Each structure stands twice: as C-alpha cells, then as structure tokens.
Amino acid sequence: MTATTPGPDRRTDGPLALLPAGLVLGVDHVGIATADLEGVIGFYTGQLGLREVHREHNTEQGVVEAMLVAADAPSVGDAAVATRLQVLAPTRADSAVARFLDRSGPGLQHLALRVSDLDRVVAHLRAAGLRPLYPRPGRGTAGSVINFLHPRDTGGVLVELVRPAVEDTPAQPGIADAGQ
Ligand code: V0V
Ligand code: CO
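Residues numbered from 1 in each chain as written. Chains lettered and ligands numbered in written order. Predicted model: local features only at pLDDT ≥ 70, side-chain atom pairs only at ≥ 80, totals over all residues. Heavy atoms only, no water.

A.B. asks: Would you explain the overall build of the protein chain in this entry?
C.D. replies: The helix and strand tally for the protein chain stands at four helices and eight strands. For the protein chain, the α and β elements follow one another from N to C terminus as β-α-β-β-β-α-β-α-β-β-α-β. Out of the 180 residues belonging to the protein chain, those deemed buried represent 39%. Of the contacts formed within the protein chain by residues at least 6 apart in sequence, a portion of 55% connects residues at least 24 apart. Accessible surface, the protein chain: about 10100 Å² in total, of which carbon and sulfur atoms supply 56%. (Helix = DSSP H or I, 4+ residues; strand = E, 2+ residues; numbered from the N terminus. Buried < 20%, exposed > 50% of the residue type's maximum accessible area, 1.4 Å probe, protein only. Contact = heavy atoms within 4.5 Å. Areas by Shrake-Rupley, 256 points an atom, 1.4 Å probe, with all protein chains shown as cover.)

A.B. asks: For this particular structure, what's the right way to read the coordination of the cobalt ion (ligand 2)?
C.D. replies: The reference angle at a metal is 109.5 degrees if four donors form a tetrahedron and 90 or 180 degrees if six donors form an octahedron. Surrounding the cobalt ion (ligand 2) are the protein donor atoms His29 (NE2), Gln86 (OE1), His110 (NE2) and Glu160 (OE), which sit 2.1 to 2.2 Å from the metal. In this structure, the cobalt ion (ligand 2) is coordinated by six donor atoms arranged in octahedral fashion, with angles at the metal of 80 to 176 degrees. Spacing between the donor residues of the cobalt ion (ligand 2) along the chain follows H-x56-Q-x23-H-x49-E. Of this pair, His29 sits in strand E1 (residues 24-33) while His110 sits in strand E5 (residues 107-115), placing them 81 residues apart in sequence. The buried category is assigned to His29, whose relative accessible area is 0%. Looking at His110, the relative accessible area reads 6%, which means it is buried. (Donors = N, O, S within 2.8 Å, 3.2 Å for Na, K, Ca; no water. Tetrahedral: all angles 85-135°; square planar, octahedral: opposite > 155°, others 65-115°.)

A.B. asks: Any chance you could explain the packing of aromatic side chains here in plain terms?
C.D. replies: Between two aromatic rings, the relevant description is the distance of the centres plus the angle of the planes. Under the counting rule described, the total for this entry stands at two aromatic pairs. A ring pair is formed by Phe43 and Tyr44, whose centres lie 4.9 Å apart and whose planes are at 75 degrees; its orientation type is edge-to-face. Aromatic side chains Tyr134 and Phe148 sit 5.8 Å apart centroid to centroid with 80 degrees between the ring planes, which places their arrangement in the edge-to-face category. Within this pair, whereas Tyr134 is found in the loop between helix H3 (118-127) and strand E6 (138-139), its partner Phe148 is found in strand E7 (residues 145-149), the two being separated by 14 residues in sequence. (Phe/Tyr/Trp six-rings, centres within 6.5 Å; stacked < 30°, edge-to-face > 60°.)

A.B. asks: Any chance you could explain the pattern of salt bridges here in plain terms?
C.D. replies: Opposite charge on two side chains allows them to pair when their charged atoms are near. Taken as a whole and judged by the stated rule, the model has seven salt bridges. In this structure, Arg84 engages Asp28 in a salt bridge whose closest nitrogen and oxygen atoms are separated by 2.6 Å. Here the residue Arg84 occupies a position in strand E4 (residues 84-90), and Asp28 occupies one in strand E1, the gap between them amounting to 56 residues. By relative accessible area, which is 14% here, Arg84 ends up buried. If you follow the salt bridges from partner to partner, you end up with Asp28, Arg84 and Arg114 in one network. (Salt bridge = Lys/Arg side-chain N within 4 Å of Asp/Glu carboxyl O.)

Structure, rendered in structure tokens:
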C-alpha cells in the first residue's frame, strides 16, 4: 500500500477546497481550568513526570496559565513542537475561566489547534458562516495570537486557534509564509 503524502493540491472538492493546505498544523495544547493551579501542576509533574516550561499572567484573559510538556516529548527545537497541557486559574471573577468553573467545575476547558496563519484561518471560517469570537486576534501565551470558536458552533468544544510567536514556530515544509 502506498502512503499518501498530503500536499498543497490534495483538496479538489467539498468544503475543504476553500481551506488552503498547511494552515491547521495539529493540537497545540489542551486547556484545563482549575482554582488550584499548584495542585493541578503538582499532580501532572509529580505523578506523570510532565515538566512546567512556561508560566504567565494573561491580564486580557484574566488567568494565570502554566504550560506543561511530557518529560520525554520530542525536543526538536524546543518544547514548542510538543503538544502541551495548559493549566489555567482565574485571576478575576468575570473571566471566561471563572465562569467555566462556576458552571462546570474544574476540568477540560478548551482544545487549541495550532495554525500557521491565524488571519487566513479566521477569514476562511467567517466565509464558511462561522463566528470566531474576537473581531481581532487576542494575545495568547508566550507572544502567540489567538481566537476562539464558540462551543455552540463546534459540537460542544471550545476551540482555540493559536498562531505561536514566530520564534516558537518550527519550520513547516511547504509553508512559505509561516515565519511572517
Ligand atoms: C461555555 N460553554 C462551554 C464552555 N464554556 N462548553 C464547552 N466548553 C467550554 N469551555 C457552554 C455552556 O455550557 C453553555 O451551554 C453555553 O456554552 C453558554 O454560552 P455563553 O453564555 O456564551 O457562556 P459564557 O459566558 O461562559 O462564555 C462562553 C465563551 C467564553 C466560550 C464565550 O468562555 C469565552 O469567551 N471563551 C474564550 C476565552 C477563554 O476561554 N479564555 C480562557 C483560555 P448551553 O447551556 O447553552 O448548552 S485563555 C488561553 O487559552 C490562552 C491565553 C492561551 O492559550 O494562550
Ligand atoms: Co489556550
């Protein structure tokens, strides 16, 4: 059986014909909401050997967030290429994470897909009739830019679209503008 290699010309019909290849790169991270940041981090680092590679206070989102990676994740370049866990604790009562905790309790809050060009993906989604939450990109972790799709539009999962900061983006064969 011959392996098929995805390429820029692989889409010829159907809805995906509108989405250029090379824009959606994979799962960047999964977001876990908690009121107990240190407790959750302690579980994943202590029991499962993950390591914390980043932490910051995002005032726009009203969260403190920590990024964790598996200790044995591939280290091509750096941890930016590995799928991560993002542990989020609210810093104000009106933040999205605080509302999530009030309604649902601690647990999985969002799924983040890594994209190579956020503007193009958002434009594609708008053209398809979807409603990304932000009119302009928001500020994400470590200098990334982000937008979200409401769970009502996705079958129940809050989907984040994240374009990593340029220096965190591994080279993507065939994506000429990935570093811009
Ligand atoms: C709400 N719902 C969810 C949900 N949040 N369903 C699944 N996962 C979630 N996280 C459902 C809820 O059960 C209701 O379902 C319905 O949506 C309520 O909609 P709503 O009235 O719009 O609810 P709100 O006011 O809680 O707002 C939800 C949205 C909000 C998605 C609009 O959470 C938001 O703006 N999220 C984007 C920002 C964010 O999440 N920031 C934290 C991560 P029924 O009852 O209608 O069925 S920050 C981050 O990841 C960063 C910085 C990074 O990665 O760099
Ligand atoms: Co996130």
